[in-house]
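Coordinates in review
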Amino acid sequence: MCSFGTQLKKTMLIFENTAELQKYLKSERHQQRSIGFVPTMGALHQGHLSLIEKAKENNDIVVCSIFVNPTQFNNTQDLAKYPRTISQDQELLAKQGCDVLFLPEKKTMYPNPTTTTFSFGNLENTMEGAHRAGHFNGVALIVSKLFHLVQPNQAYFGQKDLQQYLIIRQFSQDLFFNTEVICCPIVREKDGLAMSSRNLRLTPSERTIAPKIHEALQLAKQSLLAGKSVHNTKNTIQNFFTDLKVLDLEYFEIVKSITLEPIDYVDDSFQISLCIAAFLGEVRLIDNVFLYNHKGVF
Ligand code: PAF
């Protein structure tokens, strides 16, 4: 498709090849230019673009990658049906002022079957880790490959995937990646639905129901802030989904935001996150909110 340094709308370079990407970024580093990195699986939305924006604010050049990573899917249908909107993505990135797009093929990222495995201790024993076998191993594999290739000063991830952010931050420190891993706020539609590439898979009638996930999180937040117990709040949310019928709740967890330990009681000395995963038809959606609105959680 694109060869070395193909220019899109004058400014954005597109690389499919690792050697050419590395050569280009090496010369940028030699000129003391800092690199901000936004890894994605494409089907870009305003949430991704907010990460590009943040990366631009803090770095000399911004690299975005688009790669639908097969090793992080525990469900073959989910992988097959993952939205792919590559031409539109390229337009959006160029418009947003992204400098470099890395667009590898599967054989580039996985030239050989990979046997490397990761372990993330308690961080992976709950929520996504507990419900999607091997998911975080696949995420860590691809993100560490990408970090090696791009060697970013900073890498940006969305709070919607809170557990992913915490795991990436942990292994980046463990493996001495010289990359600051940054978490950016969730971007929501007007009706509260957290932006997600998977929203493209919702039917029009499912799309009208999807904001109920955020409504449930707000209900839980109000319940805890009004002094109701964790147990009581969990029952309220369970009943909310049972009454709704159309959304199949996979989990609702109330956890410490940094360790993801489930909590038994509320205490404002630590930040607390309320996290949900639910199926709407075939589409699995996740969302979370912080209990307290103060900044600087991480
Ligand atoms: O959050 C995502 O889109 C993916 O999990 C990531 C971080 C790009 C790795 O494939």
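Heads up: these notes are all about the structure in this document. Remember, predicted model here, so these are calculated numbers, not experimental data.

Scoring rules and cut-offs
- Residues numbered from 1 in each chain as written.
- Predicted model: local features only at pLDDT ≥ 70, side-chain atom pairs only at ≥ 80, totals over all residues.
- Heavy atoms only, no water.
- Helix = DSSP H or I, 4+ residues; strand = E, 2+ residues; numbered from the N terminus.
- Rg over C-alpha atoms; globule rule 2.2 N^0.38 Å.
- Buried < 20%, exposed > 50% of the residue type's maximum accessible area, 1.4 Å probe, protein only.
- Areas by Shrake-Rupley, 256 points an atom, 1.4 Å probe, with all protein chains shown as cover.
- Lys, Arg positive; Asp, Glu negative; His and termini not counted.
- Charge placed at Lys NZ, Arg CZ, Asp CG, Glu CD.
- Pairing = 2+ DSSP bridges.
- Contact = heavy atoms within 4.5 Å.
- Salt bridge = Lys/Arg side-chain N within 4 Å of Asp/Glu carboxyl O.
- Polar contact = N/O pair within 3.5 Å; in protein donor to acceptor, adjacent residues only side chain to side chain.
- Axes fitted to C-alpha atoms, helices over the stretch in contact; angles between N-to-C directions.

Some thoughts on the overall build of the protein chain
- Looking only at helices and strands, the protein chain features 11 helices and 10 strands.
- For 298 residues, the compact-globule formula gives about 19 Å, and the C-alpha radius of gyration of the protein chain, at 20 Å, lands near that figure.
- In terms of overall dimensions, the protein chain has a C-alpha envelope of 60 × 40 × 40 Å along the principal axes.
- Split into buried and exposed, the 298 residues of the protein chain put 53% on the buried side.
- Total accessible area on the protein chain is roughly 14,400 Å²; 49% of this is exposed by carbon and sulfur atoms.
- Here the protein chain carries 30 positive and 30 negative side-chain charges, and the mean point of each set is 4 Å from the other.

Some words on the pairing of strand E8 (residues 247-256)
- Extensive coverage of E8 is indicated by the burial of seven of its 10 residues.
- The sheet contact formed by E8 and strand E9 (residues 272-280) spans nine bridges and is antiparallel. Bridge pairing in E9 links Leu247 to Leu280.

Observations regarding the environment of Gly138
- Mapped onto the elements of the fold, Gly138 is located in helix H7 (residues 135-150).
- Considering only alpha carbons, one finds Gly138 and Glu91, 47 residues apart in sequence, at a separation of 28 Å.
- Filtering out sequence-adjacent residues up to four positions away, Gly138 remains in contact with Asn69, Thr71, Gln72 and Tyr110.

A word on the pattern of salt bridges
- In the structure shown here, the tally under the stated rule is 15 salt bridges.
- Between Asp78 and Arg201 there is a salt bridge; the shortest N-O distance is 3.4 Å. With Asp78 in helix H3 (residues 76-80) and Arg201 in the loop between strand E7 (180-184) and helix H9 (204-209), the pair connects residues that are 123 residues apart, well separated along the chain.
- Judged by its relative accessible area of 19%, Arg201 falls in the buried class.
- A salt bridge links Lys234 to Glu253; the shortest N-O distance between them is 3.4 Å.

Things to note about the side chain of Gln96
- Tracing the sequence through the fold places Gln96 in helix H4 (residues 86-96).
- Within polar-contact distance, the side chain of Gln96 engages the side chain of Glu53 at 2.8 Å.
- Leave out the neighbours within four places in its chain, and Gln96 touches Leu49, Ile52, Glu53 and Lys56.

Section: the sheet that holds E8
- Across the sheet, three strands lie side by side as E8-E9-E10; this open sheet has antiparallel pairing. Because the sheet does not close on itself, it has two edges, and the strands there are E8 and strand E10 (283-290). With strand direction ignored, the average angle separating the axes of adjacent strands in the sheet is 15°.
- Alignment of E9 against E10, held across eight bridges, turns out to be antiparallel.

Purely spatial values, then, with no claim about function.
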